[in-house]
Amino acid sequence: APGDEWFDAGTYKFVLLSYQHSDSSIVTVRLDGSSVGTIDLYDAGGGAANFYDEITGIAVTAGLKVLSLKAASKNASSSNYLTRIQSCAWIRTGA
């Protein structure tokens, strides 16, 4: 199903490549419904392409997992909840 990923047990980091803008959201990254962190996509300057951010130290058990990204909040200065994602990846960093 969309959003499903197989994981081996270990520690991971989640990497997001996206656009920042003055109307962007704060993205909550969830794995199997549990939040593993947030990434703020707001940029007061009006826009930056190829913005890179990561969430590290995510402990994952082996198995099929459901990834979801939710734009449920925003920076107080942001004018909207838009999210412009280019790509994302899970990178295993430890056993």
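Here we summarise the structure given alongside this text. (Residues numbered from 1 in each chain as written. Predicted model: local features only at pLDDT ≥ 70, side-chain atom pairs only at ≥ 80, totals over all residues. Heavy atoms only, no water.)

**As for the environment of Tyr52**
So the rule is basically this: Strands here are runs of E lasting at least two residues and helices are runs of H or I lasting at least four, both read from the DSSP assignment and numbered beginning at the N terminus. To sort residues, take the accessible area from a 1.4 Å probe on protein chains only and compare it with the maximum for the residue type: under 20% means buried, over 50% means exposed, and anything in between is partly exposed. Here, two residues are considered to be in contact whenever any of their heavy atoms come within 4.5 Å of each other. For the purposes of these results, a polar contact is taken to be a pair of N or O atoms within 3.5 Å, where, inside protein, one atom must be able to donate a hydrogen and its partner to accept one; residues adjacent in sequence count only when each atom of the pair is a side-chain atom.
Within the element layout of this structure, Tyr52 appears in strand β5 (residues 48-60). Given a relative accessible area of 45%, Tyr52 falls into the partly exposed group. The spacing of Tyr52 and Ser18 is 34 residues in sequence and 6.7 Å in space, taken between C-alpha atoms. When sequence neighbours within four positions are dropped, the list of residues in contact with Tyr52 reads Lys13, Val15, Leu16 and Leu17. A distance of 2.5 Å separates a polar atom in the side chain of Tyr52 from a polar atom in the side chain of Glu54.

**Re the pairing of strand β4 (residues 34-40)**
Rule in force here: Note on pairing: two strands pair once DSSP finds at least 2 bridges between them.
Of the strand pairs in this sheet, strand β3 (residues 26-31) and β4 are connected by 6 bridges, and their pairing is antiparallel. By the bridge assignment for β4, Leu31 is matched with Ser34. Following β3, the chain reverses through 2 residues before pairing antiparallel with β4; Asp32 in that reversal takes a positive phi of roughly 55°.

**Some words on the pattern of salt bridges**
Pairing between side chains becomes possible if they bear opposite charge and their charged atoms approach one another. The criterion, for reference: For this document, the term salt bridge refers to a Lys or Arg side-chain nitrogen within 4 Å of an Asp or Glu carboxyl oxygen.
Scanning all chains against the criterion turns up 3 salt bridges. The salt bridge partner of Glu54 is Lys13, with a shortest N-O separation of 3.5 Å. Taken together, the residues Glu54 in strand β5 and Lys13 in strand β2 (residues 10-20) connect sequence positions 41 residues apart. Looking at Glu54, the relative accessible area reads 29%, which means it is partly exposed.

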